[in-house]
Amino acid sequence: MKLKIACMHKRRCSNFYSLTSTVSHWAVFILPQKKSVPLILTALLFSTPALSQTLEGCPVSGDAIIYQAPPVFTAQELEHINISADKTRSDNQGKSTFQGHVVIEKHELRITADNASYNSNTEYIDIEGNIHVDTINMGLNADLGRVSKEKKSALFTGVEFQVGSNNMRGSAESISAEKDDNTELKQTSITTCDPKDPSWRLDADNINLNHEAASVSARDVVLHFIEVPVLYMPYM
């Protein structure tokens, strides 16, 4: 796979170059595309009958996460990853840094941030500052992100997300993904209401999405109506 590193604004760049690397598949790990994440989360929510009867009357906030459809690459570019920034710099220790309007793009995925760095020795890409991720079916904001090319995994912390067109949204202490198969959400809250004042909210200590098996499991699930816990399920 080719990793293209470029500068969005050449006049303001301290460095401008291209790099060919063997970065493989990491972009799809953030939110794997094999199965629809919105459908899996919807299945989790509607497994609670009382909840499925209340969703239609939930007040909706206009303060949604801004979503912009990710790029769709041509067949010849499917294995490419493009990185652009206002400023780029590399040293002789194998580290490249990107500052200002960082954009990382792969087929059906885009990550934007203030800063990013790539270490060719550890094969980590670290991302920070106003992180936003758009996949084919979800938009999310995060505080910090790390992607491992070697382990084929990704981790984002301090996450707020919105999925699909049904206004399902939530937050998570972290979202991690391993290869193409599993996505794990920790300390997660999900609602279709205004997250600042939800009529209902579903909390879970752990949610695991198995995309290969199209299955979802959750632990320590609590359903709240107007901030009052009404149902607890240790496992579902």
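Look up: the structure comes first, before these words.
Note that the structure is a prediction, hence the values are computed from the model and not measured.

A. Quick look at the overall build of the protein. The secondary structure content of the protein amounts to two helices and 13 strands. For the protein, the residues scored as buried account for 45% of the 236 residues in total. Pairs at least 24 apart in sequence give 48% of the contacts found in the protein among residues at least 6 apart. Carbon and sulfur atoms provide 50% of the accessible area of the protein, an area that totals close to 11800 Å².

B. Structural detail: the pairing of strand β6 (residues 124–135). The sheet contact formed by strand β5 (residues 109–119) and β6 spans nine bridges and is antiparallel. Among the inter-strand pairings, Arg-110 is bridged to a residue of β6, identified as Asp-134. Remark: four residues form the turn of the hairpin made by β5 and β6, two consecutive strands paired antiparallel; Glu-123 in that turn has positive phi of roughly 60°. Bridge count between β6 and strand β7 (residues 138–148): nine bridges; the pairing is antiparallel. Within β7, the position partnered with Ile-127 by the bridge is Gly-145. Connecting β6 to the next strand, β7, in antiparallel fashion are two residues.

C. Up close: a nonpolar patch on the surface. Among the surface-exposed residues, Val-228, Val-230 and Leu-231 lie close enough to one another that they form a single nonpolar patch of about 230 Å² accessible area. Within the secondary structure layout, Leu-231 lies in strand β13 (residues 228–235). For Leu-231, a relative accessible area of 33% translates into the label partly exposed.

The rules behind each value
Residues numbered from 1 in each chain as written. Predicted model: local features only at pLDDT ≥ 70, side-chain atom pairs only at ≥ 80, totals over all residues. Heavy atoms only, no water. Helix = DSSP H or I, 4+ residues; strand = E, 2+ residues; numbered from the N terminus. Buried < 20%, exposed > 50% of the residue type's maximum accessible area, 1.4 Å probe, protein only. Contact = heavy atoms within 4.5 Å. Areas by Shrake-Rupley, 256 points an atom, 1.4 Å probe, with all protein chains shown as cover. Pairing = 2+ DSSP bridges. Patch = residues over 30% accessible without salt bridge, like charges linked within 9 Å, V, L, I, M, F, W, Y side chains within 5 Å. Salt bridge = Lys/Arg side-chain N within 4 Å of Asp/Glu carboxyl O.

What is shown is where atoms sit, not what they do.
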